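# Per-entry structural report
Below, each chain spelled out in residue letters.
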Amino acid sequence: MGFSSESVLHTPALTRWQTADDIHLALDEDGPNWIATDPRGARVLDLIDGRRTLADVTALARLYPEPARSLQHVMSFAQALLRAGIARLQPFARRPYAGRAERLTEWNLREMWLHTNNSCNLACEHCLVSSGPAEGRGLSTGALLSAIDQAAELGAERFFFTGGEPFLRGDLRALAERVTVEHGRELVVLTNAILLDKPAHRALLEALDRSRVRFQVSIDGARAEDNDAIRGEGTFARAASGLALLSAMGFETSLTVVPCRRNLRALPEIPALAKRLGAASVHLMWAHRRGRGLSMLDELPRVDELLPVVRTVRDAARHVGVRLDNLESLALRVNAVPEVKHDLGMAGVESLCLFSDGVLYPSAAIAGHPELAIGRLDRPLLEVWQASTLARELRALSLAKSPAQLADPLRFISGGGDLEHAFLWSGSFLGGDPYLPLMAELARDLMADLARAGRARALRRAGRDTPVVYHAMGEGALACGDEVPGAVRTVHSNCVLAFDVDRPRSLMRAFYGEAAVEPKQDLCCPVRPSAEDLRHIPADVVERFYGCGSPVQDAALAVGETHLDLGSGAGIDVFVAARYVGSSGRSIGVDMTEPMLAVARENQPIVAKNLGFDVVTFHQGLLEQVPLPDRHVDCVTSNCVINLSPDKRAVFSEIWRVLKDHGRVVLSDIVSEHAVPPHLRVNPELWGECLSGALTADELLAELERAGFHGVEVLRRAFWRKVQGHTFSTVTVRAYKHEAAAREVFVGHRAVYLGPYKSVTDEDGLLFRRDEPVEVSTDTAAKLAHAPYAASFAVYEPAQTPRPIARRLAIAGGGATGCCS
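The following refers to the structure shown.

Turning to the sheet that holds strand E9 (residues 281-284), a few remarks are in order. Adjacent strands of a sheet form backbone hydrogen bonds with each other and so pair up, either parallel or antiparallel. Taking strand neighbours across the sheet as the criterion, the 10 strands line up as E10-E9-E8-E7-E6-E5-E4-E12-E13-E14 in an open arrangement whose pairing is mixed. Of all the strands in the sheet, just strand E10 (323-324) and strand E14 (375-376) have a single pairing partner and so form its edges. Where strand E8 (residues 252-257) lies against E9, four bridges are found, and the strand directions are parallel. Residue pairing for E9: serine 254 is matched across the bridge by serine 281.

See the structure below:
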């Protein structure tokens, strides 16, 4: 069925709410999926009912006095709803969700916890396993090494060492190297960091792989008096010293704190402390109702007390530039791939914990709790796991089986909270995590924040009263291989949250790092620039050209201009552009891959010698965070790179930011005929070949306009290849930046369209009939007086009188453009 004004759109049942600053959110609970829009978009969404055509919706919405303009914007908004998946051209038909058990058919581990020992140099008041100096020393080295081997064989990607204090073990290096060296897996060590000043421990740290080992250090307060009252006299200074040492040695670190009433007042100071000690993140660990923590239940703040404090900690973390792990983890679910359900925790299902006495438990938070034992590890791990009645019960649990949870509209985003907290506070795994209401409010905050960022981008455009989707779930999402619509994911325990949200970029760095060392033939549809453009460029660079067009040639660069190439690779487009901008211009390359930048910098002196001047610079950086100031360049090019970004909207926003007013972007990229299906989107090899991340042509053009660009034009398009029946093409697109004023002002400017068509409509729905004056705002007048419009419009100041075409042609000698007097 084609898309037209007679199309009828369908939506699922939507939960709707509005923020104080007039952002409207619509949530498809069962997807889950959500969008945020403005009041006009909300009005249109109200009228979409599965019966009305878009023409009917337009007539009822009455967005503008001009019917044609209203229809254009209703249809554009409807296309945005279709792209977001919040609307379809056919009714939503979903099979009832029976629970996660039918999707969790394999017995595979994602992570393995080793409670290395219950002995500890401290005896903290809230310790959930009551560790202390006299507690158990843990299993033998051989037993732990065997457990590591078995967990790795079952697929565990990340291991955790906890206690007690792991640094009390003399075999910690052997255990760590079994995880990171022999199995090549990640390791997170939970420690109080007090013992790290010992020479043996310094030597151990020196030997560990910084790329695979991370540390989470416990400090229970931003001030010594808060921490020492919980963890012991003098522990604040020593733990802070240990954390600073780990950070200085190049390890990624996180500072964790258990909020309680005695440290709550100063908790907003924690991010600044973490920053000072070199930690990358702060982690708030909600107290568990067990162990010595039972003696301090009166110290635990209520959710309504925690929420304002956590929000303040969040804002402080953003201010100083450290992550708040709790929010980072939640944000991954809030903005996950749409229609991926998060259904309860991974405890006992994709995560296990071996306690210091040799008994296997579902998770570290309930390790040592006898009635929750999976079994003693006296047989192969998989055999013990599969034989456990408790393990089978945990796999069968689901939000679908909890009436209380089904009433929560955010259930498949929050995931229902921690199973461990639910059990320890209620005696039932489905009893409800008491901290879930806190996470629900923070999830709504995150949704509103994403919407505000989208609204800020939308305000760049003239015509700011157009209905727009500020944000749709999944935009910029960093997806793992199993995150496709219809998938079910489990939720990580609150004990440790996400350290790494860079997986797609890591894949690309590795892929293109290899391509820098050894050129890959036919990678990403190579299209060679002209021989003349390559004459001054060494063969080493030309061999590593992985583009799909010639955007520099299409950019029509002028002498003296400043040019930027994003994803510059070995530097070929930067070097080509240097020839065009000349000795008075500049050509800048930005790439995230160090091996590619090394090739470019190695060849830069040769290019400079061949040209007779050097106007080239290279920067390492992300497309989503371009390391250049605002309004810095005249032209941005990109050649078959934007499809690689997991957050294309951020890339377009950055391009707009670094361009000068009326500057231009020319990009060549791969587009798909239809949306790339999920099974291709998660193929890492196809990501590297520029296919998995491809937008459709419609999406590419819409995203440029949404970022604030005008005059978007397809310069050329050609078939590239088919993959499993899906067609991919190369496309080159040009667009221009025009900085809109804060508000539209009409003072009498008029614009006349010169032809050759009978009429045209601009991006804001304004209709221009040939040779008929149209009153326009000062913004629109400025826009039409510059490329790419200037040759097609005559723009008149308020005091000027538009003349007929024949008279203008006579005055201009047959070539009237721009303003006439």
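The next thing to look at is the sheet that holds strand E2 (residues 24-28). The strand order E1-E2-E3-E15 describes an open sheet built from four strands, whose pairing is antiparallel. Two strands bound the open sheet, and with one partner strand each, they are strand E1 (15-18) and strand E15 (469-472). Strand-to-strand twist across the sheet, computed as the mean angle between neighbouring axes with direction ignored, equals 20°. Bridge analysis of E2 against strand E3 (residues 33-37) gives five bridges, and the strand direction is antiparallel. Looking at the pairing, histidine 24 lines up with threonine 37 of E3.

To continue, consider the packing of helix H1 (residues 39-47) against helix H3 (residues 67-84). Packing of H1 against H3 brings their axes to within 11 Å, and their N-to-C directions diverge by 80°. Accordingly, the angle class assigned to the pair H1 and H3 is roughly perpendicular. Across from Gly41, Val44 and Leu45 in H1, the residues of H3 making contact are Val74, Phe77 and Leu81. Class assignment of the residues belonging to the contact of H1 with H3 gives a composition of five nonpolar, one polar and no charged.

This part takes up the pattern of salt bridges. Counted according to the given criterion, the structure contains 58 salt bridges. Notably, a salt bridge pairs arginine 103 with glutamate 102, separated by 3.2 Å at the nearest N-O pair. Judged by its relative accessible area of 34%, arginine 103 is partly exposed. What makes glutamate 102 partly exposed here is its relative accessible area of 34%. Among the ionic contacts, a cluster of salt bridges with common partners joins Asp21, Arg318, Asp449, Arg452 and Arg455.

Quick notes on the rules
- Residues numbered from 1 in each chain as written.
- Predicted model: local features only at pLDDT ≥ 70, side-chain atom pairs only at ≥ 80, totals over all residues.
- Heavy atoms only, no water.
- Pairing = 2+ DSSP bridges.
- Helix = DSSP H or I, 4+ residues; strand = E, 2+ residues; numbered from the N terminus.
- Axes fitted to C-alpha atoms, helices over the stretch in contact; angles between N-to-C directions.
- Parallel < 35°, antiparallel > 145°, perpendicular 65-115°, else oblique.
- Contact = heavy atoms within 4.5 Å.
- Nonpolar A, V, L, I, M, F, W, Y, C, P; charged D, E, K, R; others polar.
- Salt bridge = Lys/Arg side-chain N within 4 Å of Asp/Glu carboxyl O.
- Buried < 20%, exposed > 50% of the residue type's maximum accessible area, 1.4 Å probe, protein only.

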